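A look at the structure
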Amino acid sequence: MSGSALYETFVRAPLIFDHGEGSWLVTDRGERYLDFAAGIAVNSLGHSHPHLVGALTEQAAKLWHVSNLYEIPAQTRLGERLVEASFADRVFFTNSGAEALECAIKTARRYQFVEGRPERYRIITFEGAFHGRTLATIAAGGQKKYLEGFGPKVDGFDQVPFNDLDAAEKAIGPETAAILLEPVQGEGGIRDFPLQSLKRLRQLCDEHGLLLIFDEVQCGVGRTGKLFAHEWAGVAPDLMAIAKGIGGGFPMGACLATAEAAKGMTAGVHGTTFGGNPLAMAVGNAVLDVVLEPGFLDEVQRKALLFRQGLAAIADEYPGVIESVRGSGLMLGLKCAVSNTELNAALRQQHLLAVPAGDNVIRLLPPLTVTDEEIREGLERIRAGAKHVAETASATAK
Ligand SMILES: *Cc1c(COP(=O)(O)O)cnc(C)c1O
């Protein structure tokens, strides 16, 4: 036995972090790592942000949990703020991204049901998608490696190639309820749908009476430099799942809906024990305090440009290591010419944390609060990592 009581589902790096400060993580041995993974786009405001620590500890001393049998003022407030800042009229709070997606999927099916079209329950998704690890969301994601061995795939998901709008249109049938996509695919390798495609998908949904569902679990809450990534396209979905960034590290998610889309979700048809609890809501409100501050998102865009230009220069210097830079805002990807795990290991040797993704990409997801100086420091380390990989490759070639 390998000495662990835990499921072997995670392949973990042999690092133990003891505490964090902004964009930095410090190990139990006192070594400092620049955190450009941010807990996979979760630590949107970095580590130990004083405003978040204050909000959580203040709430922790007062009240942790009452259940959704009672009024939760901070939940009402966070719901109102999300509505105010988005296309939505209604919000359902969850504990995770997958649960936010489950809520979106159920809301879409239920909408068609109360519209008198119960036969419409199927949802069109795109290859490379990642929507979570529940039975329904692995079916929605459609990836063989996540589906294998878990029994019959949950029925009701039809997948088409990434950004293939003709295929999406052809896939629409009498049983189709909705189209679901991440405006920027995260796990799939930082692949963004062209803004024109998002517009076209909106039209398709309108023409066929379908709901448009955006999964902004990873790309939402400021990651791309707008509060929500779809704002760049100037189109709104009917339903949207968010999670990761909204909790800043506290587990929470939400499904946002128009009043029309949510009209089937009446008393008793859906629920959650933990979702929207006072601790999560205190933190969610605190995250919004910062992200919605005038100028915050402009700063994200400005810093993103600085970071991206630096990365492009490194890609030019080491084309044998980095093929190209992709993504938007502080959700950037390095398409690797070597194996992405090799580059990731080299970056970790430079004490810079990144996250591998599909399509042989390295994801760079620094906290939205990252400073110019930390970006410059990060670029130095990425350059050093790329140089190391380039030299190792040429040494092996000799
Ligand atoms: C992480 C992620 C999910 C799943 O979120 P969990 O909190 O792990 O359930 C869903 N969709 C996208 C786009 C994600 O990045």
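Up top you'll find the structure we're talking about.
Because the structure is a prediction, the values reported are computed rather than measured. (Residues numbered from 1 in each chain as written. Predicted model: local features only at pLDDT ≥ 70, side-chain atom pairs only at ≥ 80, totals over all residues. Heavy atoms only, no water.)

Let us look at the packing of aromatic side chains. To describe a pair of aromatic rings, you give the distance between the ring centres and the angle between the ring planes. For the structure shown, the criterion picks out five aromatic pairs. Look at Phe17 and Tyr33: their rings are 5.6 Å apart centre to centre, the planes differ by 80°, and that puts the pair in the edge-to-face class. Of this pair, Phe17 sits in strand β1 (residues 17–21) while Tyr33 sits in strand β3 (residues 32–35), and the two are 16 residues apart along the sequence. Centre to centre, the rings of Phe162 and Phe193 are 4.5 Å apart; their planes meet at 45°, and the pair counts as tilted. You can see Phe162 sitting in the loop between β6 (157–160) and α7 (165–171) and its partner Phe193 sitting in the loop between β9 (191–192) and α8 (195–208), a full 31 residues away along the chain. Of the residues examined, Phe162 reaches a relative accessible area of 22% and is grouped as partly exposed. Phe193 sits in the buried class, given a relative accessible area of 3%. An aromatic cluster of at least three residues, connected via ring pairs, comprises Phe126, Phe162 and Phe193. Here the basic side chain of Arg32 rests over the ring of Trp24, its NZ or CZ set 4.9 Å away from the ring centre. (Phe/Tyr/Trp six-rings, centres within 6.5 Å; stacked < 30°, edge-to-face > 60°. Helix = DSSP H or I, 4+ residues; strand = E, 2+ residues; numbered from the N terminus. Buried < 20%, exposed > 50% of the residue type's maximum accessible area, 1.4 Å probe, protein only. Lys NZ or Arg CZ within 6 Å of the ring centre and 35° of its normal.)

This part is about helix α2 (residues 50–60). Those residues of α2 that fall on the buried side of the exposure criterion are Leu52, Ala55 and Gln59. The arc that holds every buried residue of α2, seen down its axis, measures 65°, which confines them to one face. When the buried face of α2 is taken as reference, the exposed residues oriented beyond 90 degrees from it are Pro50 and Glu58. Of the surrounding secondary structure, the elements contacted by the buried residues of α2 are α10 (278–291). (Arc of directions from axis to C-beta. Contact = heavy atoms within 4.5 Å.)

Next up on the list: the state of the cysteines. All chains considered together, the criterion is met by zero disulfides. Cysteine Cys205 is unpaired, with the sulfur of Cys255 as its nearest cysteine sulfur at 15 Å. Its relative accessible area of 0% is what places Cys205 among the buried residues. (Disulfide = S-S within 2.5 Å.)

To continue, consider the nonpolar core. Formed by 78 residues in total, the largest nonpolar core has its most connected members in Phe307, Leu343 and Leu364. A domain-level breakdown of this core finds at least three residues from each of domain 1 (17–41 + 299–397) and domain 2 (51–291). Apart from residues no more than four positions distant in its own chain, Phe307 is found in contact with Phe36, Leu330, Leu332, Leu364, Pro366, Ile375, Leu379 and Ile382. Residues Tyr111, Cys255, Ala257 and Ala262 belong to the second largest nonpolar core, which totals 24 residues. (Core = buried A, V, L, I, M, F, W, Y, C linked by side-chain atoms within 4.5 Å. Domains from an automatic or database assignment.)

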